[in-house]
Amino acid sequence: MAVGIEPSQQAPPKRLPPPRGARWRAAQRVPQGVRSAAASAVLLAVLFVLVQIGVASGALRQTGLPLPTEVVGSTLGLLGTGGFWSDFGRTCLEIGASIVAGCALGLGAGIVFWKLPLLGRVFEPYLVSFYAVPLVLFYPMMIVLVGINAGSIIILSSIMAAIPLALNTRTGLQGIRPVHLKLARTLQCNARQTLFGIAIPAAAPMIVAGLRLAVVYALIGSIAMEFTTAQNGLGYRIRYLYETFDNKTMFAYIFVVLILSVLLTVLMAMAERVLLRGRR
Amino acid sequence: MTTLTKLRQSQFVGAVVLALLASAIWQISSGLSFVIPSPAATAEAFVQNFADPRYLRDVGETAQAVAQAFIIGILLGGAIGLLLGLSAAARTWLEPLLIAFNGVPKIVLYPVLLPVFSLSGSKIVMGVLFALFPVLINVAVGVRGIPPVYWKLGRTVQAGKWQLFVHILLPAIRLPLLTGVRLAISLAVVGVVLAEFFATRFGLGRVVLQAYSHGEYAQMVSTILLLILAAFTVSVLLWRLERRVR
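Computed from a predicted model, the values in this text were never measured in an experiment.

(A) Expanded view of the overall build of chain B. Each helix and strand counted, chain B has eleven helices and zero strands in total. Of the regular secondary structure in chain B, the N- to C-terminal order runs α-α-α-α-α-α-α-α-α-α-α. Overall, the C-alpha framework of chain B stretches about 70 × 65 × 30 Å when taken along its three principal axes. Across the 246 residues of chain B, 43% fall into the buried class. Within chain B, contacts between residues at least 6 apart in sequence are counted, and of these 76% link residues at least 24 apart.

(B) Focus on the overall build of chain A. Broken down by element type, chain A carries twelve helices and zero strands. When the elements of chain A are put in sequence order from the N terminus, they spell out α-α-α-α-α-α-α-α-α-α-α-α. For chain A, buried positions account for 36% of its 280 residues.

(C) Structural context of the interface of chain A and chain B. Each partner contributes residues to the interface: chain A has 55 residues there, and chain B has 54 residues. Of all the elements in the fold, those that place two or more residues in the side of chain A that touches chain B are α2 (32–57), α5 (117–130), α6 (139–145), α10 (204–228), α11 (234–243) and α12 (247–275) of chain A. Broken down by element, the side of chain A that touches chain B gets its largest block of residues, eight residues, from α12(A). Here the residues of the side of chain A that touches chain B are counted per class, giving 39 nonpolar, ten polar and six charged.

(D) Representation of helix α5 (residues 88–102) of chain B within the structure. Between its first and last C-alpha atoms α5(B) spans 20 Å; for 15 residues at 1.5 Å apiece the expected length is 21 Å, and the two agree. The axis of α5(B) is deflected most strongly, by about 50°, at B:L94, and proline B:P96 appears within four residues downstream. Burial in α5(B) covers these residues: B:R91, B:T92, B:L94, B:P96 and B:L98. On its buried face, α5(B) sits against α2 of chain A together with α4 (53–86) and α6 (110–144) of chain B.

(E) Seen up close, the packing of helix α7 (residues 150–174) of chain A against α10(A). Residue and element names in this part refer to chain A. Across the interface, α7 lies against α10 with an axial gap of 8 Å and an inter-helix angle of 160°. One way to sum up the angle between α7 and α10 is to call them roughly antiparallel. Here α7 and α10 pass one another in a crossing that is right-handed. Looking at the contact of α7 with α10 residue by residue, the classes come out as 15 nonpolar, eight polar and one charged.

(F) Layout of unusual backbone geometry. Phi angles above zero are rare outside glycine, and A:Q188 is one such case at about 55°. Considering the arrangement of structural elements, one finds A:Q188 in the loop between α8 (178–186) and α9 (191–202). The phi angle at B:S118 is positive, at roughly 65°, despite the residue not being glycine. Mapped onto the elements, B:S118 comes out in helix α6.

(G) Summary view of the nonpolar core. Judged by nonpolar contacts, the single largest core of 123 residues is most densely connected at A:A214, B:A131, B:A184, B:A188 and B:L194. Counting residues per element, this core draws most heavily on α6(B), at 17 residues.

(H) Expanded view of the packing of helix α3 (residues 39–49) of chain B against helix α11 (residues 217–245) of chain B. All names here are of chain B. Relative orientation of the contacting elements α3 and α11 amounts to 70°, with a least axis distance of 8 Å. Here α3 is positioned roughly perpendicular relative to α11, judged by the angle of their axes. Across from A41, T42, A45, F46 and N49 in α3, the residues of α11 making contact are A218, Q219, V221, S222, L225 and L226. Considered class by class, the residues forming the contact of α3 with α11 number seven nonpolar, four polar and no charged.

(I) Structural context of the confidence of the model for chain B. Residue and element names in this part refer to chain B. Averaged over all residues, the pLDDT of chain B equals 85, while 96% of them reach at least 70. For chain B, helix α1 (residues 2–9) is the element with the lowest average pLDDT, namely 58, and α4 is the one with the highest, namely 92. The ipTM value of the predicted complex is 0.80, and its pTM value is 0.81.

(J) Broad picture of the environment of A:V30. Following the sequence through the fold, A:V30 ends up in the loop between α1 (6–10) and α2. Considered as a pair, A:V30 and A:S152 are 122 residues apart in the sequence and their alpha carbons are 48 Å apart.

(K) Representation of the confidence of the model for chain A within the structure. All names here are of chain A. The predicted model of chain A has a mean per-residue pLDDT of 81, with 86% of residues at 70 or higher. No element of chain A has a lower mean pLDDT than α1, which averages 35, and none a higher one than helix α4 (residues 82–115), which averages 92. Contacts of residues 1–16 to residues separated by more than four positions or lying in other chains number 16 contacts, the stretch itself having pLDDT below 50. Between residues 18–27, whose pLDDT stays under 50, and residues either more than four places distant or in other chains, the model counts 13 contacts.

Thresholds applied
- Residues numbered from 1 in each chain as written.
- Chains lettered and ligands numbered in written order.
- Predicted model: local features only at pLDDT ≥ 70, side-chain atom pairs only at ≥ 80, totals over all residues.
- Helix = DSSP H or I, 4+ residues; strand = E, 2+ residues; numbered from the N terminus.
- Buried ≥ 20, exposed ≤ 12 C-beta atoms within 10 Å, placed from the backbone.
- Contact = placed C-beta atoms within 7 Å.
- Nonpolar A, V, L, I, M, F, W, Y, C, P; charged D, E, K, R; others polar.
- Expected span 1.5 Å × (residues − 1).
- Bend = angle between axes of the 7 residues up to and from the residue.
- Axes fitted to C-alpha atoms, helices over the stretch in contact; angles between N-to-C directions.
- Parallel < 35°, antiparallel > 145°, perpendicular 65-115°, else oblique.
- Left-handed = near helix turned anticlockwise from the far one by under 90°.
- Core = buried A, V, L, I, M, F, W, Y, C linked by C-beta atoms within 7 Å.
- pLDDT = per-residue confidence, 0-100.

This is the structure in structure tokens:
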């Protein structure tokens, strides 16, 4: 599609990005999102076929990969078993609970840090360095304190989800243009109206970006902790199946986790679009 | 008075006070429950560990894996990020897949990596997978955000490819790049240690789980603290550097 552009790009000595808008003019008729989706579908299909051929011909024997078609088949087979739904339900409960608790905590903390800058500055180094979460490493401590159950996973995942949201909320609120707050004063808004009517909508892009991070962290945290030790849940099941050498079912579970996380990512991208409609 | 207000405004003092407060809570709660080792017992285990050659070997093993994962992760993430930032075609083909993969809990892929990269290699690969993404995303976004004027300047002075990279691209993206590097170090630690929780011969992750199953909680907490302190120190240093560069 981009063939027409190539010659004109050879004129400058280096492969510089041409000014915005000039590139891919021929392909502009198809929106970028659709082209991207199609391209990734093609890539995935190619990968699928390559692995299928590789496994079938024995070239990938060392990796222990089963045939992709078999994985799809056994995943569909899983959907009929009660054990799968109990693992799935447990993981979804953990993720859901930690998203809700983490968002409440993160948003609250972000607002408090904004209102009380001293507190925000004191917590900042801790938040910044725990942002990338060696927090998962606290899990063995949590299971000593709380026990091996959903509670300890939910507590840690909520904190993991809350931290990026708190940081983003604070940064977003600090970046509000003063004129917005002046408007609130002119309209004699009370504290609540200022916060919900003006401050939070003004900081929405940062807050929504933080929400996306929070969801990803809740998912990663929950599954990683289940994987370490648990009694139930998708992450735990993968480890269990690995240790019992049930390769085929294990790959089906891995496949389910991949699909679950991709679904969450897509959902969050859509939510972002809805929440920030009309801004860009 | 002025020194007092200065003290109050100092972030460092506040952070230290917060740490002391946390230790006080820890001390009190250790008196309430026998599963919580007291700070003193933990500190003792912390010091004693370093006299134990086997422990030192575990530390070395983990440190080496983290360092390798960190370096490979930064290089790989930087390269893919550059590709995504500079080439629209790469964006079209790879961006959605990379975004989706970023949201995947990568630890579930560990059983897939094990037969391919063996026991010692897999934890490095896991660390790389964790450390890769913050660098990748920040570099890609940073490169895309470079004002076109910069490129025009480069063209005007007829800079070579390498000169463009060193004198225009790198300085322009230094802030997001540093942020990515800072996140990468903690994530490399997480990736390697999580992998060690799962299966390994040597390493601190194994020490933690072993101490857990033997009920040696002081040993467990001191090892976790060592890991967290290491990641914390490096990322705070990088964060301060980041603020100075800005």
